[in-house]
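Okay, here's what each chain looks like letter by letter:
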Amino acid sequence: MKKYLVPSIRLTLVLIVLLCVIYPLFIAFTGKLAKGKGDGEAIIVYGKTVGYALVGQNFSKPQYFWGRPSAVAYNANGSGGSNKGPTNPDYLKDVEKRIDTLLKYHPYLKRSDIPADLVTASGSGLDPDISPEAAKIQVKRVAGFRKLDEQKVADLVNSHVEAPLLGFMGPAKVNVLKLNVALDELQKH
Amino acid sequence: MNTELIGIIVTFGITLIIAIALGRYMAKMYAGEKVWTDFMKPVEKLLFRLGGINPSEHMNWKQFLKAMMTINILWLVYGFFLLIYQDKLPLNPDGNPGMTADLSFNTIISFVANCNLQDYSGETGASYFAQHFIFMFLHFTSAATGMACAIAVFKAFRDKTTTDLGSFWNYFVKSITRVLLPISVVIALILTFNGTPSSYAGKDKFISLQGDTVTLSRGPAAQMIAIKHLGTNGGGWFGANSAHPLENPNYLTNVVEIVSQFIIPVGMVIALGFFVRRKKLGLIIFGVMMTGVLMLMIPTIIGEVGGNPEIAKMGISQTTGSMEGKELRFGPAATAYWSTLTTVTSTGSVNGMHDSMMPLSGCWELLAMMINGFFGGDGVGFLNYYIYLIIAVFISGLMVGRTPEFMGHKVEAREVKIAAFITLLSPFLIKAGTALACYIFYTYPNADWAVKPSAWLNNPGFHGFSEMLYQFTSSNANNGSGFEGLADNNIFWNVSAGIVIFLGRFLPIIGPIAISGLLAQKKFIPESAGTLRTDTVTFGVMTFAVILILNALSYFPALALGPLAEYFSMLKH
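Residues numbered from 1 in each chain as written. Chains lettered and ligands numbered in written order. Predicted model: local features only at pLDDT ≥ 70, side-chain atom pairs only at ≥ 80, totals over all residues.

**Observations concerning the overall build of chain A**
Summing up its helical and strand segments, chain A has six helices and five strands in all. Tracing chain A from N to C terminus, the helices and strands come up as α-β-β-α-β-α-α-α-β-β-α. Compactness check: chain A gives a C-alpha radius of gyration of 22 Å against a globular reference of 16 Å for 189 residues, more than 25% above the reference. When the backbone C-alpha atoms are referred to their principal axes, chain A occupies close to 75 × 45 × 35 Å. (Helix = DSSP H or I, 4+ residues; strand = E, 2+ residues; numbered from the N terminus. Rg over C-alpha atoms; globule rule 2.2 N^0.38 Å.)

**Details of the interface of chain A and chain B**
In this assembly, 87 residues from chain A lie in contact with 97 residues from chain B. If one sorts the elements of the side of chain A that touches chain B by residue count, helix α1 (residues 2-31) of chain A sits on top with 20 residues. Here the residues of the side of chain A that touches chain B sort into 43 nonpolar, 29 polar and 15 charged. (Contact = placed C-beta atoms within 7 Å. Nonpolar A, V, L, I, M, F, W, Y, C, P; charged D, E, K, R; others polar.)

**Things to note about the sheet that holds strand β4 (residues 161-162) of chain A**
All names here are of chain A. Spatial strand order, β3-β5-β4: three strands in an open sheet with antiparallel pairing. The outermost strands of the open sheet, each flanked by one partner alone, are β3 (129-130) and β4. Packing of helix α6 (residues 176-188) onto the sheet brings it into contact with β3 and β5 (173-175), and relative to β5 it is tilted by some 55 degrees. (Pairing = 2+ DSSP bridges. Axes fitted to C-alpha atoms, helices over the stretch in contact; angles between N-to-C directions.)

**Re helix α3 (residues 61-84) of chain B**
The first and last C-alpha atoms of α3(B) sit 35 Å apart over 24 residues, in line with the 34 Å expected at 1.5 Å per residue. Contacts from the buried residues of α3(B) go to α1 of chain A together with α4 (101-112), α6 (128-158), α7 (168-193) and α17 (491-521) of chain B. (Expected span 1.5 Å × (residues − 1).)

**Observations concerning unusual backbone geometry**
Within the chain, A73(A) stands out as a residue other than glycine whose phi angle is a positive 55 degrees. Considering the arrangement of structural elements, one finds A73(A) in the loop between β2 (48-52) and α2 (89-105). Using a count of 10 C-beta atoms within 10 Å as the deciding quantity, one classes A73(A) as exposed. The phi angle at N478(B) is positive, at roughly 55 degrees, despite the residue not being glycine. (Buried ≥ 20, exposed ≤ 12 C-beta atoms within 10 Å, placed from the backbone.)

**So, α6(A)**
Residues and elements named next belong to chain A. Its 13 residues give α6 an end-to-end C-alpha distance of 19 Å, which sits within 8% of 18 Å, the value for a rise of 1.5 Å per residue. Residues V176, L177, L179, N180 and L183 constitute the buried set of α6. The buried residues of α6 all sit within an arc of 160 degrees when viewed along its axis, so they share a single face. Facing away from the buried side of α6 by more than 90 degrees, the exposed set consists of E185 and K188. (Arc of directions from axis to C-beta.)

**Quick look at the packing of α1(A) against α6(B)**
Between α1(A) and α6(B), the least distance of the axes is 10 Å, while the angle of their chain directions is 110 degrees. The orientation of α1(A) relative to α6(B) falls into the category roughly perpendicular. Between α1(A) and α6(B), the residues in contact are L15(A), I16(A), L19(A), C20(A) and P24(A) and H132(B), F133(B), M136(B), F137(B), F140(B) and T141(B), respectively. Taken together, the residues of the contact of α1(A) with α6(B) sort by class into nine nonpolar, two polar and no charged. (Parallel < 35°, antiparallel > 145°, perpendicular 65-115°, else oblique.)

**Some thoughts on the domain arrangement of chain A**
Taken domain by domain, chain A holds domain 1 (1-33) and domain 2 (39-188). The straight-line distance from the C-alpha centre of domain 1 of chain A to that of domain 2 of chain A is 43 Å. (Domains from an automatic or database assignment.)

**Considerations on the confidence of the model for chain B**
Parts of the prediction with low pLDDT should not have their coordinates interpreted in detail. When pLDDT is averaged along chain B, the result is 95; 100% of the residues meet or exceed 70. The ipTM value of the predicted complex is 0.96, and its pTM value is 0.96. (pLDDT = per-residue confidence, 0-100.)

What follows is the structure, encoded as structure tokens:
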């Protein structure tokens, strides 16, 4: 083995320069041209960062559209899912509780109107999106709390539905933070 | 048909097109023929000169293995100490602490072995230095190690009688300069232009729209996520791996990431056919492997798209399928698709939490890792399949009463013994490990460790057993995904999984290289009417049967106690 030790050490050192210095710096440098300059795309309202477009945040106040439940309470410094198994009794109780909360705030809903994404925790705990159906069922509540015209809020939701990739790949979605920022805008005017 | 299903079918098509092109290219490149990436020659020359290496050195199988083991052990030592002292090293803007010795032991073995089981969480457990200079470095080198070993076996197949498997250094460096690095650059750029951070900026603090204070972890992740998929490594920058919106921002990046983790394993099999100049053999192996993949994938997709029956009982609408532990931007179909490919290959990155998937999906994930030879990890997947091939040749030989031969060489007792030993190793490590864990869980529930055994499991009953079984299966297969509910950062799991990962990595590399080295030294016997042909559909079916029977015998009882029991108890209610 001794014969191979010296070349191993020398090759490791030069590869560190290539793979851990030159390669990442090249990407970081080119990444400066991307949106957010490779730091992540921040959403800025009146000069203040209120969040990042890709990272979901907690919305629990009734005047906002709510995102998906999060196992880590939207802690953007410690992502993760619930890791609860599909038959875990505690988990099923949690889901039942979430349904009750939803029905309390949206008394006009039937259980079958509630899409699964609103009562199940995401994998990252930071899911920025909800399904278009999940946004639509919240329109009446949000409009009511803000004393806005329901149709206007519904139109706002529709304009925030992002189509599948190229129109045919993957799900349609609504970015909750962007929708809520636009909602605050709408109320100001 | 809905957009989620179309999405995965298109993804599958893209994968095949790229993998076939890549396979043909790799065959030529490793054979030393002219290829378009020859512009990298000066870089390689420089690497060889600075490394003090003669790339045209002849190595027999023992020398080849010695070179491979020497550099791998060097990385173990290098990483072990740096992880412990990462808090004292530069590039730690978030002030993360050094690792404990047992965590560092587990982590460094896991990354050297291309496994990437992570008992730490990236946001709080690793500095940027550790992420780049240890993890990302090993992402490249562990994948290149596997690829180099596969090429040595290919060369032993191609030459009639030889002791020369080629130079480990040559294959290893070329795997990086001609395959891994250029493709990683492309992937990393796509990721960063879609929103994955690539700069060295540390955490950001802000007040959210409704007034909460939020701290967001960031960092140069795009660079690492590119190679973690291409190299079938899987160790993520963030705790939630590729479910994290910064690691995997949208459906396009999801397609890129899932395609990139499958092209080299598939490409390697295509390359085999061209390199050995026996396209039919390559095609048959490809057919067997792809059949296996589809048999695991289709039921997983059906199960996840069907939704969770327990939630359906509550009267909730699961239009797209089961959503617990999944991200909305991918949906259940793409998450199920990913979960199969990440477990048949040794990647183990996740875009949704496996712990929360349906019981049978968990069963297929476990089975994929137990078989570990349907394409498998970069390079090593074929080596695992090679062991099955030798067993199949041996059994077929017995059945028809002919001397077993493979590639014109007699397969004799010594080779079959090695193959049998490697075959038995996996079930031993997985089942003995799980049994030990169950014993400790039951007998010493209050042992004074960082996490008491009684608090290990995140789920009761059969599913809890599956969490332990999954950990050892994933370790042995060098996969690295987990039923992440398991509280694994304590001395028992760190040490036991570390040992299993090490043995499960290096013995299944040493075995096949030894077999192919031994076979290649023997006299070449030209094909005749009496030869048992290995490039026929019949032999393909035979290999498939051997794989199924071996794995069913080894693992059915364990699977019955975990996911299958959970599935049937779900039906009962």
